[in-house]
Amino acid sequence: MSSARDNILRRVAAALDGRNGNRGTGSPSGGHDHPSDASPPRPQWEGALLDRFLDRLQAASASWTGVDTLDAVPTTVVDYLADNGLAPRLRVAPHRLLQNLSWPDQLEITTGTDPQGLDVALSVADAAMAETGTLVLCSGPESPTTLDFLADHHLVVLRREHILPYMEDVWASLRRRPDFPPRSLNYITGPSRTADVEQTMQLGAHGPRSLHVLLIP
Amino acid sequence: MQLSPERFRSQAQAALRDPTLQQALSRARSGFIDKRRKGIHDIADFEALRERGRRIRDLALSQLDHHLEQLESAVRAAGGQVHWAENDAQAREIILGLCRQADAQRVTKSKSMVGEEIAINPALEAAGLDVVETDLGEYIIQLAQEPPSHIIAPAVHKTRQQISELFDTHHHQGALKARLREIPELVNEAREVLRDKFLSADVGITGANFLVAETGSIVLVTNEGNADLTHTLPRMHIAVAGIDKVVPTLDDATTLLRLLGRSATGQAMSCYTTFVTGPRRADDPDGPGEFHLVLLDNGRSRMLAGPYREMLRCIRCGACMNHCPVYSAIGGHAYGWVYPGPMGSVLTPLFRGLENTRDLPNACTLNGRCASVCPVKIPLPDLLRQLRAEQFRRNITDSRTRWGLRLWGALARRPALYALSTGLAGRLLRLLGGKRGRIRRLPLAGGWTASRDFPAPQGPGFRQQWKKRQTERKPV
Ligand code: SF4
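Note that the structure is predicted; figures quoted are calculated from it, not measured.

**Student:** Account for the overall build of chain B, naming residues and giving values.
**Tutor:** Helix and strand counts for chain B stand at 22 helices and 12 strands. Principal axes of the C-alpha set define a box for chain B whose edges measure 90 × 60 × 45 Å. Every one of the 476 residues in chain B was classed for burial, and the buried ones make up 57%. Restricting to contacts in chain B with at least 6 residues of sequence separation, those with at least 24 account for 71%. Entry remark: accessible area of chain B is about 20500 Å², with carbon and sulfur atoms responsible for 53%.

What follows is the structure, given as structure tokens:
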């Protein structure tokens, strides 16, 4: 008995070979006649990459703070929590960038992926794209995906130099990593939202209600 | 009520007479169109982007077998498993088997049109599983026990009052006496109820917006983040997708994503676009232990061989229905099956058989708006016309229409007879129109004149005018 797999592939092959000239000539990895040869139509902008990124980030209802040095991240977080009336409790991703920060005593720091007490999470972006104001986070030992979606409020540390113009640039940069592709590669553009009740946009559907970027040099 | 594409006529009539539905539809109508129009602004040459999208999909389909095999080995290399289903029954069997293997009790689902196509929910429920839809719109219609009426906004036909009532019944046992509630309150309540389900699910089922052959990734696009909680938290992730969804490279997926968001909701990028590749890695702190991809044919390879191949380019954005005057008058349920609007009027006959879906290819004015907005340039009106011709050839067209077409054909091929009969008909209509020049009730077309007057023809007919023009133009 032939398997479903073989039957399907046989039918597909017959369909393609049966109609003369209907099998494409483009190689899947580029090559001639493939659409990725020429540069794709995509948004253009004038001005700096950073300005475009921040403009799009805010258009997506996210916010940001510039932080002078990595060491200043803890005080910025404390201020953010206070300004937004949030309890002084923070879940920190096990990222190497965040390991040696000195957190003030009044802040309760937790780690791990336990959904209990996951009000505010702090993670690190692997890249960002100016095209749409999007953060890129790859799952891995330093970056649990759970934090990015279960937290009520999501804080993300982003290095300025990691901002790239387009998604194509993100691919080119991530492909160089030995562990690419990660299990879950998340493009995040603003906080969670839904328009399922009367086509009216409402933030905070299932994921974070707010998204805040801490921009470091 | 059991909906069926065979009962399109009566379902459409019922929809037109349903004031609540009409209220919901009128709210949605302009919203979708405005959002897309604003959304495509930031790309100077959107037409070139559409053309590129069309070429990417065509090329992917033209080497589909190759891409499917490449996809399969990439998924396996990432530690996932690939299952092949020739039809809906096989797909249900595979998914049910996997759920049993995982010893599952609760299954969370992220909105999937293929999931609807194979009717996975009733199958899992019949096996005693607790199935929870997690997209808010899909959750609402699951509570209402209705099918989706739109491919990206499944509860577009529900008003806030109706949603308040559903939540009252299911979350408060009627204690709120169905009072009308505000949107933030409703969204928050659903968030809380569904959060518990996410955390206690054993299996998460998602669809896939695209499959990427080079990396073995599935692409999930949402605004709510429900797909990510669905694939990250449970022990097992099952993704189910049609074999048509494959694209060769990540860059190809990128181009299609630029088209998808803008065409669907006017967003340059949806909130969450995720590329999932295989199960949790050895040193990952979270993610499912198993990843399964179920690839569904269900008639797609047949479409690939025939004259409707172009339909397989569809990326399920919903723009065609958002711009369709018929859809926006009757909503999605009237179409009677999973896929509504213009794309559904082509797909449903191809999936379910032309003889069971007689009215669908005819429920179209051939105005062409759908084709002009389709991000992958599917010539929907041409495909519908082709289906009509096939209906006629295969004797499926109803006898009244057949006789009408025959009669017209006979007249059109005999110019003298044509001139005589159209001249007579014109005079008769003028007579019926009287001084006002409008006809209140037209015999044999009572449906048309029920909601508007028929204007009686004015002045001489086209042929007469043409003749006159030709003589006047003659060189002296
Ligand atoms: S037919 Fe075109 S417009 Fe309609 S859903 Fe498919 S891709 Fe979108």
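Still to come is the rest of the account.
**Student:** Break down the overall build of chain A for me, citing the residues and quoting the values.
**Tutor:** Looking only at helices and strands, chain A features 5 helices and 12 strands. Counting only C-alpha atoms and orienting by the principal axes, one finds that chain A spans roughly 70 × 50 × 45 Å. When the 217 residues of chain A are sorted by exposure, 55% land in the buried category. Long-range contacts, defined as pairs at least 24 residues apart, comprise 70% of the intrachain contacts of chain A with a sequence gap of at least 6. Charge separation in chain A, taken as the distance between the mean sites of 19 positive and 26 negative side-chain charges, equals 10 Å.

**Student:** Can you break down the nonpolar core residue by residue, with the values?
**Tutor:** Counting residues in hydrophobic clusters, the biggest one holds 131 residues, and the most contacted among them are A:Tyr187, B:Ile95, B:Leu124, B:Phe275 and B:Tyr339. The contact partners of B:Ile95, leaving out residues within four places of it in the chain, are B:Ile118, B:Ile120, B:Leu124, B:Ile205, B:Ile238, B:Val240 and B:Val294.

**Student:** Can you tell me about the pattern of salt bridges, naming the residues and giving the values?
**Tutor:** Residues and elements named next belong to chain A. This model, assessed by the stated rule, comprises 43 salt bridges over all chains. Linking glutamate 168 and arginine 42 is a salt bridge whose minimum nitrogen-to-oxygen distance equals 3.0 Å. With a gap of 126 residues between them, glutamate 168 in helix 5 (residues 167–174) and arginine 42 in the loop between helix 1 (4–18) and helix 2 (49–59) connect regions that are remote in the sequence. For the residue pair glutamate 168 and arginine 42, the accessibility class agrees, reading buried in each case.

**Student:** Report on a nonpolar patch on the surface, specifying residues and quantitative values.
**Tutor:** There is a patch of nonpolar side chains on the surface, built from B:Leu417, B:Leu420 and B:Leu424 and spanning about 290 Å² of accessible area. Position of B:Leu420 among the secondary structure elements: in helix 20 (residues 415–433).

**Student:** Break down the sheet that holds strand 6 (residues 217–222) of chain B for me, citing the residues and quoting the values.
**Tutor:** In a beta sheet, neighbouring strands are held together by backbone hydrogen bonds and run either parallel or antiparallel to one another. Spatially, the 8 strands line up as an open sheet ordered 8(A)-5(A)-6(A)-9(A)-9(B)-6(B)-5(B)-8(B), and their pairing is mixed. The open sheet has two free edges, formed respectively by strand 8 (163–164) of chain A together with strand 8 (246–247) of chain B, since each of these has just one partner strand. Pairing between strand 6 of chain B and strand 9 (residues 272–276) of chain B: 5 bridges, direction antiparallel. Residue pairing across strands places B:Leu220 opposite B:Thr274, the latter belonging to strand 9 of chain B.

**Student:** Can you lay out the interface of chain B and chain A for me, pointing to particular residues and giving the numbers?
**Tutor:** Facing the 98 residues of chain B at the interface are 77 residues of chain A. Together chain B and chain A conceal approximately 7200 Å² of surface at their shared face, both sides included; 56% is due to carbon and sulfur atoms. With its nearest N and O atoms 3.6 Å apart, the salt bridge here joins B:Arg27 to A:Glu198. Seen at the junction of chain B and chain A, the total is 37 residue pairs in polar contact (both at pLDDT 80 or more). In terms of residue count, the dominant contributor to the side of chain B that touches chain A is helix 10 (residues 183–200) of chain B (10 residues).

**Student:** Before we move on, could you go through the site of the ligand and cite the residues and values that matter?
**Tutor:** Residue and element names in this part refer to chain B. Around the ligand, the surrounding shell holds 13 residues, and the nearest of these are Cys314, Cys317, Gly318, Cys320 and Cys374. Judged by its atoms lying within 2 Å of the grid points, the ligand is housed in the second largest cavity. Partitioned by chemical class, the residues of the shell around the ligand number 11 nonpolar, 1 polar and 1 charged.

**Student:** Mind laying out empty space enclosed by the protein, listing which residues take part and the relevant values?
**Tutor:** Residue and element names in this part refer to chain B. In this structure the tally under the stated criterion is 8 cavities of 30 Å³ or more. Volume-wise, the largest cavity comes out at about 110 Å³. Lining of the largest cavity is provided by 16 residues; of these, Cys324, Pro342, Cys364, Cys370 and Leu384 occupy positions nearest its centre. When contributions to the lining of the largest cavity are tallied by element, the ones reaching two or more residues are helix 15 (325–330), helix 16 (341–352), helix 17 (369–373) and helix 18 (380–393). Per-element tally for the lining of the largest cavity: the top contributor is helix 16, with 3 residues. Tallied by class, the residues present in the lining of the largest cavity amount to 11 nonpolar, 4 polar and 1 charged.

**Student:** Give me helix 8 (residues 136–143) of chain B: which residues, what numbers.
**Tutor:** Within helix 8 of chain B, 7 of the 8 residues are buried, which leaves it mostly tucked inside the rest of the structure. Listing the buried residues of helix 8 of chain B in full gives B:Leu136, B:Gly137, B:Glu138, B:Tyr139, B:Ile140, B:Ile141 and B:Leu143. Looking at the buried residues of helix 8 of chain B, the elements they touch are strand 10 (193–194) of chain A together with helix 6 (113–117), strand 3 (130–133), helix 9 (160–172) and helix 10 of chain B. Residue B:Asp135 occupies the N-cap position of helix 8 of chain B, its side-chain oxygen lying 3.1 Å from the main-chain nitrogen of B:Gly137.

**Student:** Which residues make up the packing of aromatic side chains, and what values go with them?
**Tutor:** A full pass over the atoms with the stated rule returns 13 aromatic pairs over all chains. On the numbers, 6.4 Å between centres and 70° between planes, the contact of A:Trp171 with A:Phe180 is edge-to-face. Its relative accessible area of 18% is what places A:Phe180 among the buried residues. For the ring pair B:Phe462 and B:Trp466, a centre distance of 6.0 Å and an interplane angle of 20° mean the geometry is stacked. One end of the pair, B:Phe462, and the other, B:Trp466, are both in helix 22 (residues 462–473), 4 residues apart, so they sit about a helical turn from each other. Linked through ring pairs, A:Trp171, A:Phe180, A:Tyr187 and B:Phe275 together constitute an aromatic cluster. The ring of B:Phe32 has B:Lys35 sitting right over it, with the charged end atom 5.9 Å from the ring centre. The ring centre of B:Trp403 lies 5.1 Å from the NZ or CZ of B:Arg406, which sits over that ring.

Each value, and the rule that gives it
- Residues numbered from 1 in each chain as written.
- Chains lettered and ligands numbered in written order.
- Predicted model: local features only at pLDDT ≥ 70, side-chain atom pairs only at ≥ 80, totals over all residues.
- Heavy atoms only, no water.
- Helix = DSSP H or I, 4+ residues; strand = E, 2+ residues; numbered from the N terminus.
- Buried < 20%, exposed > 50% of the residue type's maximum accessible area, 1.4 Å probe, protein only.
- Contact = heavy atoms within 4.5 Å.
- Areas by Shrake-Rupley, 256 points an atom, 1.4 Å probe, with all protein chains shown as cover.
- Lys, Arg positive; Asp, Glu negative; His and termini not counted.
- Charge placed at Lys NZ, Arg CZ, Asp CG, Glu CD.
- Core = buried A, V, L, I, M, F, W, Y, C linked by side-chain atoms within 4.5 Å.
- Salt bridge = Lys/Arg side-chain N within 4 Å of Asp/Glu carboxyl O.
- Patch = residues over 30% accessible without salt bridge, like charges linked within 9 Å, V, L, I, M, F, W, Y side chains within 5 Å.
- Pairing = 2+ DSSP bridges.
- Buried area = accessible area lost by both parts, 1.4 Å probe.
- Polar contact = N/O pair within 3.5 Å; in protein donor to acceptor, adjacent residues only side chain to side chain.
- Near = heavy atom within 4 Å.
- 1 Å grid on protein atoms, 1.4 Å probe; cavity = no way out; pocket = protein on both sides within 12 Å on 5 of 7 lines; lining within 4 Å.
- Sits in = over half its atoms within 2 Å of the grid points.
- Nonpolar A, V, L, I, M, F, W, Y, C, P; charged D, E, K, R; others polar.
- Points joined across faces, edges and corners; volume = space filled by probe spheres on them.
- Phe/Tyr/Trp six-rings, centres within 6.5 Å; stacked < 30°, edge-to-face > 60°.
- Lys NZ or Arg CZ within 6 Å of the ring centre and 35° of its normal.

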